[in-house]
Amino acid sequence: MNKPAIEGGTPVREKKIYYGHQYIDDKDIEAVVSVLKSDYLTCGPKIDELERKLCEITGAKYAVACSNGTTALHIACLAAGVTEGDEVITTPITFAASANCALYCGAKPVFADINPRTYNIDPECVKKVTTSKTKAVVAVDYTGQSVELDELLEHCHKNNMVLIEDGAHVIGTKYKGRCNGSIADMTTFSFHPVKTVTSGEGGAVLTNSKELYEKLLLFRTHGITRNPELMKHTSDGPWYYEMLELGNNYRMSDMQAALLISQLDKLPMFSERRKEIVKKYDEAFSKLPQIFVQEEIPESDTTRHLYILRIVPEKLSIDRAKFFEALGAEGVVCNVHYIPVYYFPYYESMGYKKGICPNAEKLYDEMMSLPLYYAMSDEDVDSVIEAVTKIATYYAK
């Protein structure tokens, strides 16, 4: 086998392939320009249009667009009634926001371990760390594969807890034939540029509960309402509004909404291409004993946001850091998703220590995220496969 570029061999390619990249076409640009030429740049009709479209796509009854995925998680926790003294269970293999949203409300994040084969939060581990203080579970659909929603919902409702599905990765996925976003008590989305569809920055919370929906609207916009049905006092006139809660300014602009509406039209196309790439990766890497391929539960028809390459350390003479470096030398620019949240100094200062979730910690030591995005060409995909195969074979024990 040829040497990897890091050992003086010839790289697969000169042009780098990054782990993620947005796809913007002329229709997306035209959609944004049309808003720039309109009367409303924010608080306008595109927000309502976007929320209707999200409901149409997912089957959820209500959608609340907001400024990003983090603010979506925050207002979901607020709507769930999470407050000081409560506990919120989540996974450590996620972006920090999945746990920080509990801290924003004065609650304590509690970490449940993952299933070592699917990498999603393990319902049995959730049950083990549930206490009388647990108010909500923030279950992350890691990589885009659905969490085991039925089991988590049953556990949450049995214990008077709220299931918040952190669906930052999951748009386009179906669980048992139903679109994610229409099943949990609340589902949050993120529309960052590396996600399947983007609004630049942006997020949303979806729910089937009118009560939660009305709370989400309040917490998104300063706690202020113009809905006469919710007001406590007699109106002074058509200009009148009331502040009912201590909310935030977490609004999305009409420009972002217009871009996302256009992107959502391409969701089936984006989803199909991501599935094609994942299939090619899985077929290639399942032949390499040095690589463990992430398993998928049969209930999840997954649109993958991330593709996780997981090495088998006992079958390689190098560690994850060296493998990562070798891929970079081959022109394949990976990332790692994610550092376990409780590893961070801020969480250490609160008393969290390593050893809480051994499956998650082992995964972190062995994984990296390969390139996966709509605009990848077949040549790009083949180059990634060739680079991984070269490195895994060269350094095989």
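Quick look at the structure, then. (Residues numbered from 1 in each chain as written. Predicted model: local features only at pLDDT ≥ 70, side-chain atom pairs only at ≥ 80, totals over all residues. Heavy atoms only, no water.)

1. Side note on empty space enclosed by the protein
For the structure on display, the rule yields two cavities of 30 Å³ or more. Across the lining of the largest cavity, the residue classes tally to six nonpolar, five polar and two charged. One number sums up the size of the second largest cavity: a volume of about 30 Å³. Around the second largest cavity, the lining residues are Thr118, Asn120, Ile121, Gln145, Ser146, Val147, Glu148 and Ile297. Considering only residue class, the lining of the second largest cavity consists of three nonpolar, four polar and one charged. (1 Å grid on protein atoms, 1.4 Å probe; cavity = no way out; pocket = protein on both sides within 12 Å on 5 of 7 lines; lining within 4 Å. Points joined across faces, edges and corners; volume = space filled by probe spheres on them. Nonpolar A, V, L, I, M, F, W, Y, C, P; charged D, E, K, R; others polar.)

2. What to know about the pattern of salt bridges
In total, this model carries 20 salt bridges according to the counting rule given. Notably, a salt bridge pairs Asp150 with Lys176, separated by 2.5 Å at the nearest N-O pair. A residue pair is termed long-range when its members are at least 10 positions apart, and Asp150 in helix 6 (residues 149–158) and Lys176 in the loop between strand 7 (174–175) and strand 8 (178–179) qualify at 26 residues. Given a relative accessible area of 37%, Asp150 falls into the partly exposed group. Residues joined by salt bridges that share partners form a network here, namely Arg273, Glu276, Lys280 and Asp378. (Salt bridge = Lys/Arg side-chain N within 4 Å of Asp/Glu carboxyl O. Helix = DSSP H or I, 4+ residues; strand = E, 2+ residues; numbered from the N terminus. Buried < 20%, exposed > 50% of the residue type's maximum accessible area, 1.4 Å probe, protein only.)

3. Notes on the packing of aromatic side chains
Taken as a whole and assessed by the stated rule, the structure comprises 19 aromatic pairs. An angle of 25° between the planes, with centres 5.5 Å apart, marks the rings of Tyr281 and Phe285 as stacked. Note that Tyr281 and Phe285 are positioned in helix 9 (residues 267–285) at a spacing of four residues, about one turn of the helix. Overall, Tyr281 belongs to the buried group, its relative accessible area being 0%. Seen from their ring centres, Tyr394 and Tyr395 are 5.0 Å apart, and the 90° between their planes marks the pair as edge-to-face. (Phe/Tyr/Trp six-rings, centres within 6.5 Å; stacked < 30°, edge-to-face > 60°.)

4. Points about the nonpolar core
Of all hydrophobic cores here, the largest spans 54 residues; its most connected members are Tyr281, Phe285, Leu309, Phe323, Leu327, Leu370 and Val388. Within the residue set of this core, elements represented by two or more residues are helix 9, strand 15 (307–311), helix 10 (320–329), helix 12 (358–366), strand 17 (367–370) and helix 13 (378–394). Once you skip the residues sitting within four places of it in the chain, Tyr281 turns out to touch Tyr307, Leu370, Pro371, Met376, Val381, Val384 and Ile385. Within the second largest apolar cluster, 26 residues are counted, among which are Leu73, Ala102, Cys105 and Val162. (Core = buried A, V, L, I, M, F, W, Y, C linked by side-chain atoms within 4.5 Å. Contact = heavy atoms within 4.5 Å.)

5. Quick word on the sheet that holds strand 7
The three strands lie next to each other as 8-7-14, forming an open sheet whose pairing is antiparallel. The two strands at the open ends of the sheet, each matched to only one other strand, are strand 8 and strand 14 (300–301). (Pairing = 2+ DSSP bridges.)

6. Notes on a nonpolar patch on the surface
Taken together, the side chains of Ile24, Ile29, Val33, Leu36 and Leu41 make up a nonpolar region of the molecular surface, amounting to roughly 400 Å² of accessible area. By secondary structure assignment, the location of Leu36 is in helix 1 (residues 26–36). (Patch = residues over 30% accessible without salt bridge, like charges linked within 9 Å, V, L, I, M, F, W, Y side chains within 5 Å. Areas by Shrake-Rupley, 256 points an atom, 1.4 Å probe, with all protein chains shown as cover.)

7. Description of the packing of helix 2 (residues 45–58) against helix 8 (residues 254–265)
For the pair helix 2 and helix 8, the least separation of the axes is 8 Å and the interaxial angle reads 30°. When the axes of helix 2 and helix 8 are compared, the pair comes out roughly parallel. Of the two elements, helix 2 crosses helix 8, and the hand of that crossing is left-handed. Residues Pro45, Lys46, Ile47, Glu49, Leu50, Lys53, Leu54 and Ile57 of helix 2 form the contact with helix 8, whose participating residues are Asp254, Ala257, Ala258, Leu260, Ile261, Leu264 and Asp265. Of the residues that constitute the contact of helix 2 with helix 8, the class distribution is ten nonpolar, no polar and five charged. (Axes fitted to C-alpha atoms, helices over the stretch in contact; angles between N-to-C directions. Parallel < 35°, antiparallel > 145°, perpendicular 65-115°, else oblique. Left-handed = near helix turned anticlockwise from the far one by under 90°.)

8. Thoughts on helix 12
Those residues of helix 12 not exposed but buried are Ala360, Glu361, Leu363, Tyr364 and Glu366. Considering only its buried residues, helix 12 is in contact with strand 15, helix 10 and strand 17.

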